[in-house]
Amino acid sequence: MRVNGVSLGVTVGVEVHGFKRSKCSSSSTALGKTLDNSAEATQEEIVLPRRKTWDKLAVLQTLAATVNRDPTAAHYMFQDDPYLMPRNAANARLFYLSKESGRNAAKYIIKQFPQYFDKTFSEPNIPCLMPETLTPQIEGVSEEALKERIYLRRVKESVDLFDQLVQAGTPVSLETTNSLLDLLCFYGDGEHTPGKEEEEKEDLEEPEGNSSEQKAPKREFQKGSQSPRWREDNNAERIFKIMPERNAHSYCTMIRGMVKHGVSAKAYDMYIDLLNNRHKADVHTFNALITAVPYLKERFVERWELAKVFLNHMAQQEVRPNLLTFNALLKTLRRCGGVGRRISLLVIKEMEALGIEPSLATYDHLLSIFYRGVDLHSSGIISEVLDNVEKRSFTPQDPDDAKFFATAMQACCDLKDIKLAYRLNKALEGGDNWKFLGVDQLNAYWSKFFSLLCMMEQIDVVLKWYKEMTPSLFYPTPKNILDLLQALDAANHLEVIPSVWEDMKQLGFNRRQDLLDELLSLMSREQHPEEIQLAFAKCAEDIKAAHEPAGREQAPLEWTGSALGNVAVLFSRAGRTQDAWKMMEHFQQVNRIPSDQVMEEFLNCTKQTNCPDEAIKLVKLAASLGLPSSQSLKSRMEKEFELSEKQRQTLESIRSDSDSSDSDSSDSDSDSDRD
């Protein structure tokens, strides 16, 4: 097979293994009756079953298959301590990282202070379950002591012991020196410390644009600057230079270490040295070099040409590609723009020709190639991908396998295809595929799925999924709550808002200004039955409490004009006149102007409760704020309210005050005209 004119030079030989069946002739039945050895007696063929080897977890897996997920319970990893149960996604991630940090801290203590853990109290003592001995047992300066320290991953001690052997004139075998290079290149010339991240997680993706050139990713360090993981002339390079003899393993180790720690240009130069010394690279080295292509070339076409060079070298050196080779090639094609889209499908066909089954990482790279950027392709490719994923139960083969389901769900959201999302979710539930969703991917996957449900499904289906998904599968994000509120608005199911508000308080979103504004806007937009209005007023009371000082821990939220007006409207419709009037007084305190709707709603409230005094206060407030609606409010009071003589005089005084102020202003204007 050839990929765009490039042959990998590998043929697949399929060896068929035949197993002979055991034949056993029996002359007696199960009842022990002997059959006549006549010609009529038939000879039975008994196939002996092969021995079944059960997995150690088979019983637990069988029991687990009989238990359904409890939608009201949190994720199993958070059930160790109910008092520390996380409330939202951020707390869940902090909880998980804290548990992992505790494990790493325990490993660090055991490694640094092994003398405090040398006693065994277990009865009976099972050696395979005991902690591994981490202290060196071989003393002195010898190659055996060096091998032991390399095995224990003591980077600094191994380098010091190697230098002592070299200074003493003791030759170190090539195999041991290569093992030391393996250790140095893996840890980047740094000491192995449990609890410390070995690699910084960086987003190596590049934006897909229409231009034919892209800048090199930031991970590649400029010449002359020092990388935190690979210094200039570090111990690995120093030991490599003083080696009296080098083989292909030595060069391959250095190349892979340089690619791992972000010095791809040096890795490419080392590969040229490998070729000049007539050595051959292994498949893992070629995989690393193909991964480093985007850091060596800037133009998309140049990247693909360099990747073809490495593929040609593999064919010339008769190196058979594996799954990680094709995944590395697809990962590079993700950063090749339109060239990558044109070549990627040919790579998949080459994998099929070589009999290599794609992993989830393969499909993840393929979806990223076709469904990133502004121009979205049709759903044909992702549909074919799901056809293959639905038929299999995957096992981890590539570190990028865990990214597939979140990437595929994002593609479904971009395409706005709910049927594809259902198919993807069904594939996730098949076999052990659900194990590919880690803590971060788990919440991202379900969050995107729920947003798509709110956008495309009926409200009953949305609420059913919402009840089953939280909090057992994911914690809704603020965007999910906003999508749910918009779905309730579109379906005219605003009576569910009070229960959504309770969830918002549980999630810690009761101080999100954008969510509060949307919530109050929906509740105050239309008039609802009395029972619903009372529930809305209770929500408004909770929101009002969030805007008031409650202690030193949290500062009160700042009132906005729309929030004040909506809370006053909700209190008015529920008949809570005093609470509504307090909100009206807040307008003057925060220098806000109420809308005409707020004034009309409060006047309706005073009419229903027969409180003309409160209505007169409202007119005074409108007049003091200079609102145009003050005249209409006064006329409504005269027509709709039964006022006493004193109340009419008070209302007339408000009118005379306003008229006098108007006359004064007109007199001053006329005086100025005379001047």
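Residues numbered from 1 in each chain as written. Predicted model: local features only at pLDDT ≥ 70, side-chain atom pairs only at ≥ 80, totals over all residues. Heavy atoms only, no water.

1. Brief notes about the pattern of salt bridges
Applying the stated rule across the entire model yields 28 salt bridges. We note a salt bridge from Asp 542 to Lys 538, for which the minimum N-O separation is 3.4 Å. Taken as a pair, Asp 542 and Lys 538 lie in helix 22 (residues 530-546) at a separation of four residues, close to a single helical turn. Given the relative accessible area of 44%, Lys 538 is considered partly exposed. Between Arg 576 and Glu 541 there is a salt bridge whose closest N-O contact spans 3.3 Å. (Salt bridge = Lys/Arg side-chain N within 4 Å of Asp/Glu carboxyl O. Helix = DSSP H or I, 4+ residues; strand = E, 2+ residues; numbered from the N terminus. Buried < 20%, exposed > 50% of the residue type's maximum accessible area, 1.4 Å probe, protein only.)

2. Topic: the nonpolar core
Ranked by size, the top nonpolar core spans 169 residues in total, and within it Phe 404, Trp 446 and Met 584 carry the most contacts. If one sorts the elements of this core by residue count, helix 17 (residues 439-456) sits on top with nine residues. If we skip the residues at most four places from it in the chain, Met 584 touches Ala 568, Pro 594, Val 598, Met 599, Phe 602, Leu 618 and Leu 621. (Core = buried A, V, L, I, M, F, W, Y, C linked by side-chain atoms within 4.5 Å. Contact = heavy atoms within 4.5 Å.)

3. Some points on the state of the cysteines
Evaluation of the coordinates by the stated rule reveals zero disulfides. Cysteine Cys 412 remains unbridged, with the sulfur of Cys 413 as its closest cysteine sulfur at 6.9 Å. Cys 412 gets classed as buried once you look at its relative accessible area, which sits at 0%. (Disulfide = S-S within 2.5 Å.)

4. Let's talk about the packing of helix 9 (residues 283-291) against helix 10 (residues 300-316)
Across the interface, helix 9 lies against helix 10 with an axial gap of 10 Å and an inter-helix angle of 170°. Overall, the two elements helix 9 and helix 10 adopt an arrangement that is roughly antiparallel. Residues Val 283, Phe 286, Leu 289 and Ile 290 of helix 9 form the contact with helix 10, whose own contacting residues are Phe 310, Leu 311, His 313 and Met 314. For the contact of helix 9 with helix 10, the class distribution of residues is seven nonpolar, one polar and no charged. (Axes fitted to C-alpha atoms, helices over the stretch in contact; angles between N-to-C directions. Parallel < 35°, antiparallel > 145°, perpendicular 65-115°, else oblique. Nonpolar A, V, L, I, M, F, W, Y, C, P; charged D, E, K, R; others polar.)

5. Let's talk about the side chain of Asn 178
Here Asn 178 is to be found in helix 5 (residues 174-187). Given a relative accessible area of 5%, Asn 178 falls into the buried group. Ignoring any residue separated from it by four or fewer positions in sequence, one finds Asn 178 in contact with Met 243, Asn 247, His 249 and Ser 250.

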